[in-house]
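Summary of structural features
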Amino acid sequence: MARISLKDVKKSYGNAHVIKGVDIEVEDGEFCVFVGPSGCGKSTLLRMIAGLEDITSGQMTIGETVVNELPPAQRGVAMVFQSYAIFPHMTVRENVAFGLTIAGASKAEKDAKVAEAARILQMEHLLDRRPSQLSGGQRQRVAIGRAIVRKPQVFLFDEPLSNLDAALRMDMRMEIGKLHNQLGATMIYVTHDQVEAMTLADKIVVLKDGKVMQIGAPMELYHNPANLFVAGFLGAPSMNFIDVTVQAVNGNKALVSNAALDPVEVSAARGPFTVGEKAILGLRPQYVQVAEGAGRLHGTVALTERLGAETVVEVTLKDGKPLIAALSQDRVFPLGAAVDLDFDPATAHLFRPEV
Amino acid sequence: MALISADNRGLRLATRYAVLGLIAVIFVFPLVFMVMSSLKPDQQLLQDSGNLRAFLPVGDISLNNYTAAFQRAPVATFVFNSVLVTGVTVLLSLLICSAAGFAFVFVNWKGRGVLLSILLATLILPFETIAIPMLLMVAHLPWIGTEGITWGWLNSYHVQIIPFIADGLTVFLFVQYFKDLPGELIEAARVEGASWGQIYRRIVMPLSGPILATAAILKFLVMYNQYLWPLMVTQEEGYRPVMVGLQYFFQLNVAWGEVMAYLSLITVPVLAFYLYLQKAFIASIASTGVKG
Ligand SMILES: Nc1ncnc2c1ncn2[C@@H]1O[C@H](COP(=O)(O)OP(=O)(O)OP(=O)(O)O)[C@@H](O)[C@H]1O
Ligand SMILES: [Mg+2]
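Residues numbered from 1 in each chain as written. Chains lettered and ligands numbered in written order. Predicted model: local features only at pLDDT ≥ 70, side-chain atom pairs only at ≥ 80, totals over all residues. Heavy atoms only, no water.

If you walk through the whole model with that rule in mind, you get 26 aromatic pairs over all chains. Here the aromatic rings of Phe-29 of chain B and Phe-55 of chain B are separated by 4.5 Å at their centres, their planes lie at 40°, and the arrangement is tilted. Highlighted residues: Phe-29 of chain B in helix H1 (residues 2-38) and Phe-55 of chain B in the loop between helix H2 (42-48) and helix H3 (64-72), separated in sequence by 26 residues. Phe-55 of chain B gets classed as partly exposed once you look at its relative accessible area, which sits at 24%. When the ring of Phe-104 of chain B is compared with that of Trp-109 of chain B, the centres are 5.6 Å apart and the planes differ by 40°; the resulting orientation is tilted. Taking the relative accessible area as the measure of exposure, Trp-109 of chain B reaches 29% and is therefore partly exposed. The rings of Phe-102, Phe-106, Phe-174, Tyr-177, Phe-178, Trp-196 and Tyr-200 of chain B are connected pair by pair, giving a single aromatic cluster. The ring of Phe-87 of chain A is capped by Arg-146 of chain A, whose NZ or CZ atom sits 4.7 Å from the centre of that ring. A cation over an aromatic ring shows up here: Arg-296 of chain A above the ring of Phe-343 of chain A, its NZ or CZ 5.6 Å from the ring centre. (Phe/Tyr/Trp six-rings, centres within 6.5 Å; stacked < 30°, edge-to-face > 60°. Helix = DSSP H or I, 4+ residues; strand = E, 2+ residues; numbered from the N terminus. Buried < 20%, exposed > 50% of the residue type's maximum accessible area, 1.4 Å probe, protein only. Lys NZ or Arg CZ within 6 Å of the ring centre and 35° of its normal.)

Here it is in structure tokens:
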């Protein structure tokens, strides 16, 4: 049905290569999230799928059709824009019905479908208002309503929540998740908010500088990032990176240490590593604990942030580098106190220095 | 400090009203003078023109000048011609120039940048420089009318309309305005399946009230004040517009009262047009929330 497939897709504006050869498969009914830092080409890629930008090279298919040359209208997609892009001179009802009007639907059909969309989005009472009389969240609903009313096979969202305040963002995030379950359509969702990515996605595509860094389920990316970039991008607070030296290699394990870290044996799956080589040890703050006795990491407390259920401690290690630990209880540490930290070696990631 | 600034506010407001009032007076008094003078016999008109009585309906007031004006020239024909030519040109110009601006801004096609530059270059050509070549051209163009194919456009309405429908300035106005419309609106409409024609009609035009009004006013003024071109291309009285008609009042003996009566008459369509546009303009801003 609405499987989307991108094969070695590229895009350049003159000499500026914005998308540099991307392969992505989105299964039918899947919720796929594109994440990446600002300017990495997320919007460009989404707009290429929508047909709003043409494809410099490569092949794109939606369902069974190669859509490279198809105009947006013939791709069976609906798109929700960051600015909502609601037509200001039409009422909410006319906005939601726009696609049906263009398709020449009868008034009865339009009324029925608009009513259904309004019910799903709980905006029946807004239908006769003008966009200028709506709040940001309500406008967002109208934009989504306009998208769902035609029952397209594919939904494209470009940072739909970034103009909303934090509380509303969370509400709408959950609603979009529910909407996906209800409609069962294929959705591609662009964001640079990793919480949205982690919570909504069946599949995350991490992009950087127009290239795919990693594709996978959220937990796969979280627990097994392919490279430093993905490791640092997903998770909050972000992963600690510690410069270490490889002391010994033993099969698929490597023994590493530095001035503040006692030797520890971790997985060397991202190798090959050679003895004496520099490497980077990645530790998620959530997996760092305060050792009751002696621990592997030694430092002093630089800052404590008590969040109630969680305490975020910044420790200055013996070699002067900072390290963040997120403890799952409320604890107080005197500033400057010496502290030993520890972690389960199975939760540590060893990376080669360059991506 | 607070005291001074409060005083300043009052003072500033007073100054602003004084300046606006002065401007209003400067603009309104010639009109009042024109209408008042059109009601007076020439002798009194000349006497009054040195003092404030020129702006008042006093002395020997009558509509005699109007009757005389209608006798001297086919005033109704002139006004009709001008209104027809101006009205049709304004409408067609809004349609064609906005469509051109739309194509320049929203549709991606080869050569649009070059073509737009050429179009803008035409802005610096004064009409006088192309009047003669254009006259030679229209004198030989074919036209399909009630009498079949005829050659030469002279002495007609279309010779006064067609050359002025499309012009660089009007297209440029639309291009500038369209560039400021949010591009995502157009993209949203495209994704929803709208064709370019539908986007033009259903999205862009409804949001273009302010620029349509501006372009209409500018075109109206140019067209209603046409003199050189209609003088060149119409020999028959039946096709001549109001500005050419003004000549009739300066032949033989100049009767200033009649001139003023004629001018008052030909100002009526202008005022009607302005009032209409003002209403339409405000309505469009109120309904779309898009400010120009
Ligand atoms: N028309 C254009 N001409 C040249 N470069 C462009 C054009 N449009 C976008 N780019 C460039 O392409 C790159 C990717 O842009 P894009 O809008 O896709 O980024 P993004 O990942 O969506 O970023 P953000 O998170 O800030 O929205 C940017 O470096 C941008 O400067
Ligand atoms: Mg973007």
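Further remarks concern the pairing of strand E2 (residues 16-26) of chain A. Residue and element names in this part refer to chain A. Bridging between strand E1 (residues 4-13) and E2 involves eight bridges; their strand directions are antiparallel. Counterpart to Lys-10 in the pairing with E2 is Lys-20. Adjacent in sequence and paired antiparallel, E1 and E2 are bridged by two residues, among which Gly-14 carries a positive phi angle near 60°. (Pairing = 2+ DSSP bridges.)

A few words on the nonpolar core. By size, the foremost hydrophobic cluster in this structure holds 84 residues, and its most contacted members are Leu-6, Phe-34, Leu-45, Leu-156 and Ile-188 of chain A together with Phe-178 and Val-204 of chain B. Of all the elements, helix H4 (residues 75-106) of chain B adds the most residues to this core, at ten residues. Those residues within four positions of Ile-188 of chain A in sequence are excluded, and the remaining contacts are Ile-4, Val-26, Cys-32, Phe-34, Leu-46, Ile-49, Phe-155, Leu-156 and Phe-157 of chain A. Counting 50 residues, the second-largest nonpolar core is a separate cluster that includes Phe-31, Leu-100, Met-172 and Phe-229 of chain A. (Core = buried A, V, L, I, M, F, W, Y, C linked by side-chain atoms within 4.5 Å. Contact = heavy atoms within 4.5 Å.)

With that out of the way, let us pick up the domain arrangement of chain B. Residues and elements named next belong to chain B. By domain assignment, chain B separates into domain 1 (1-62) and domain 2 (74-288). For domain 1 versus domain 2, the separation of C-alpha centres amounts to 33 Å. Taken residue by residue, the interface counts nine residues in domain 1 and nine residues in domain 2. Of the roughly 630 Å² buried at the junction of domain 1 and domain 2 (both faces included), carbon and sulfur atoms supply 75%. For the pair domain 1 and domain 2, the interface holds zero salt bridges. Where domain 1 packs against domain 2, one counts two residue pairs in polar contact (both at pLDDT 80 or more). (Domains from an automatic or database assignment. Buried area = accessible area lost by both parts, 1.4 Å probe. Salt bridge = Lys/Arg side-chain N within 4 Å of Asp/Glu carboxyl O. Polar contact = N/O pair within 3.5 Å; in protein donor to acceptor, adjacent residues only side chain to side chain.)

Okay, the pattern of salt bridges next. Residue and element names in this part refer to chain A. Per the counting criterion, the structure on display carries 21 salt bridges over all chains. Here Glu-53 makes a salt bridge to Arg-47, at a shortest N to O gap of 3.0 Å. For Arg-47, a relative accessible area of 15% gives the class buried. The salt bridge partner of Glu-277 is Arg-352, with a shortest N-O separation of 3.3 Å. Here Glu-277 is found in the loop between strand E13 (261-267) and strand E14 (278-283), whereas its partner Arg-352 is found in the segment after strand E20 (349-351), with 75 residues between them in sequence.

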